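Chain residues, written in single-letter form:
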Amino acid sequence: MKKYILITGGAGFIGSHVVRQFVNKYANYHIVNLDALTYAGNLENLIDIEKESNYTFIKGDITDEILINQLFKTYRFEGVIHLAAESHVDRSITDPLVFAKTNILGTMVLLNAFKNLWKNNWEGKRFYHISTDEVYGSLGETGLFTETTSYDPNSPYSASKASSDHFVRAYGETYGLPYVISNCSNNYGPNQFPEKLIPLFINNIIEQKPLPVYGNGKYTRDWLYVIDHAIAIDLLYHEGKNHDTYNIGGFNEWQNIELIKVLCQQMDEKLGRPIGTSEKLITYVKDRPGHDLRYAIDASKINKEFGWQPSVTFEEGLSITIDWYLKNSEWLQNVTCGLYQDYYQKQYK
Ligand code: NAD
Ligand code: TYD
């Protein structure tokens, strides 16, 4: 008997790498990818595995309680890996309500369906919530976020993720629901929608458009290559301690402006443009309201307990990422002109 595992948000950036990892590695699992295909969901991310016999895609919204209950009844998911979310801070500033709906209510609908199905038999079940380091708020010049750092979110996005983390824990305490949570730093890599810093700037450099740097550019993020995150998720799904939390990070802090300069130089080299061409596109723009100064993760717990560590340096990961975007210009074009949203229509209808 195959084990049915629900992965939510599997058509998105990180989710698509997690789906691929599980479909290719675990023939004994059947992976059901549930995704609403919002602007961030792109089935072209999964073309290579969509015909695998241990994979099913379902278009649906995690806030749709009737659908979710029906899916749990049909598939009897023993595991849930929950990534579906609204994920972009800038969008959360312009439209916070959709973040509350998807990230908080959607998580609760899933928790409830999981609880109702398994409350008399938690043995061997797992609900894994993929969260962010942004729940911890902002660091000053020094220090690192550990698993015991207090939650102190500043944006509607991070507040909604903090809230969903709290609900996961509350279901663990109240109903005994077996959960794991991981809080990860900023991801980068292939298939990221070009609204986040790195893919947006890669796209703008290709098109020789301005690179909008918020404020003075001296904000710091800790960057992790997305496949290393997918590997950590695989590890924690299987080995993570029940009712526990893990921080995942890249041991890789960069001030935005320094990262952008490295990106510009690599892009110039790869595009055969004189060094300095892309840097001229840097344009300082109005700052993001409530902009967190610095995120940095202490990932020593997952490292000590499981030996996990990033497999690539930032320069290597960035180089692979740029190469991927240059090679997949059609993917990028489809995303920037909206054509990717026709794929579901063509493929599944
Ligand atoms: P993404 O925006 O690329 O993908 C989100 C996916 O969720 C999309 O496929 C979208 O269609 C789907 N989705 C959105 N609303 C939905 C709904 N109501 N029902 C069903 N599906 C819905 O996001 P991502 O960057 O891949 O992030 C995935 C998860 O990882 C999120 O929970 C995010 O908070 C978390 N995370 C992201 C980062 C990062 O740097 N990107 C870092 C740490 C944690
Ligand atoms: P982003 O990729 O949106 O991730 P997050 O806000 O979740 O960390 O942004 C990364 C950093 O880059 C953040 O400090 C904001 C900054 N930034 C810019 O300066 N310009 C941009 O156009 C974007 C999208 C981000």
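Rules used throughout
Residues numbered from 1 in each chain as written. Chains lettered and ligands numbered in written order. Predicted model: local features only at pLDDT ≥ 70, side-chain atom pairs only at ≥ 80, totals over all residues. Heavy atoms only, no water. Helix = DSSP H or I, 4+ residues; strand = E, 2+ residues; numbered from the N terminus. Contact = heavy atoms within 4.5 Å. Axes fitted to C-alpha atoms, helices over the stretch in contact; angles between N-to-C directions. Parallel < 35°, antiparallel > 145°, perpendicular 65-115°, else oblique. Left-handed = near helix turned anticlockwise from the far one by under 90°. Near = heavy atom within 4 Å. Polar contact = N/O pair within 3.5 Å; in protein donor to acceptor, adjacent residues only side chain to side chain. Areas by Shrake-Rupley, 256 points an atom, 1.4 Å probe, with all protein chains shown as cover. Nonpolar A, V, L, I, M, F, W, Y, C, P; charged D, E, K, R; others polar. Domains from an automatic or database assignment.

On to the side chain of Thr220. Summarising the element assignment, Thr220 is placed in strand 9 (residues 220-225). When residues no more than four places from it in sequence are discounted, the contact partners of Thr220 are Glu253, Trp254, Gln255, Leu293, Arg294 and Tyr295.

What follows covers the packing of helix 8 (residues 256-271) against helix 10 (residues 314-327). Remark: helix 8 packs on helix 10, axes separated minimally by 11 Å, with the N-to-C direction vectors making an angle of 50 degrees. As judged from the angle between their axes, helix 8 and helix 10 are oblique. Seen along the crossing, helix 8 lies across helix 10 with a hand that is right-handed. Across the interface between the two elements, Leu259, Val262, Leu263, Gln266, Met267, Lys270 and Leu271 of helix 8 pack against Phe314, Glu315, Leu318, Ser319, Ile322, Asp323 and Leu326 of helix 10.

A few words on the site of ligand 1. The environment of ligand 1 is formed by 29 residues, the closest being Ile14, Asp35, Ser87, Tyr157 and Lys161. Separating an oxygen atom of ligand 1 from a backbone N or O atom of Phe13 is a distance of 3.1 Å. In the model, a nitrogen atom of ligand 1 is placed 3.0 Å from a nitrogen or oxygen of the Ile62 main chain. Alone, ligand 1 offers 830 Å² of accessible surface; in the complex the protein occludes 96% of this. Among the elements of the structure, helix 1 (13-25), strand 5 (126-132), helix 5 (156-175) and strand 7 (186-188) are those that each provide at least two residues to the shell around ligand 1. For the shell around ligand 1, a count of residues per class yields 13 nonpolar, 12 polar and four charged.

In this section: the site of ligand 2. By nearness alone, 18 residues border ligand 2, and Glu134, Pro212, Arg221, Arg288 and His291 come closest of all. Between ligand 2 and Glu134 there is a distance of 2.6 Å, counted from an oxygen atom to a side-chain nitrogen or oxygen. Here an oxygen atom of ligand 2 sits 2.5 Å away from a polar atom, N or O, in the side chain of Arg288. When ligand 2 sits alone it has 510 Å² of accessible area, and the protein chains cover 97% of it. For the shell around ligand 2, the elements supplying multiple residues, two or more each, are helix 6 (197-206) and strand 8 (211-214). Class assignment for the residues of the shell around ligand 2 results in nine nonpolar, four polar and five charged. Inspection of the shell around ligand 2 shows a minimum of three residues originating in each of domain 1 (3-188 + 224-248) and domain 2 (197-220 + 253-297 + 313-337).

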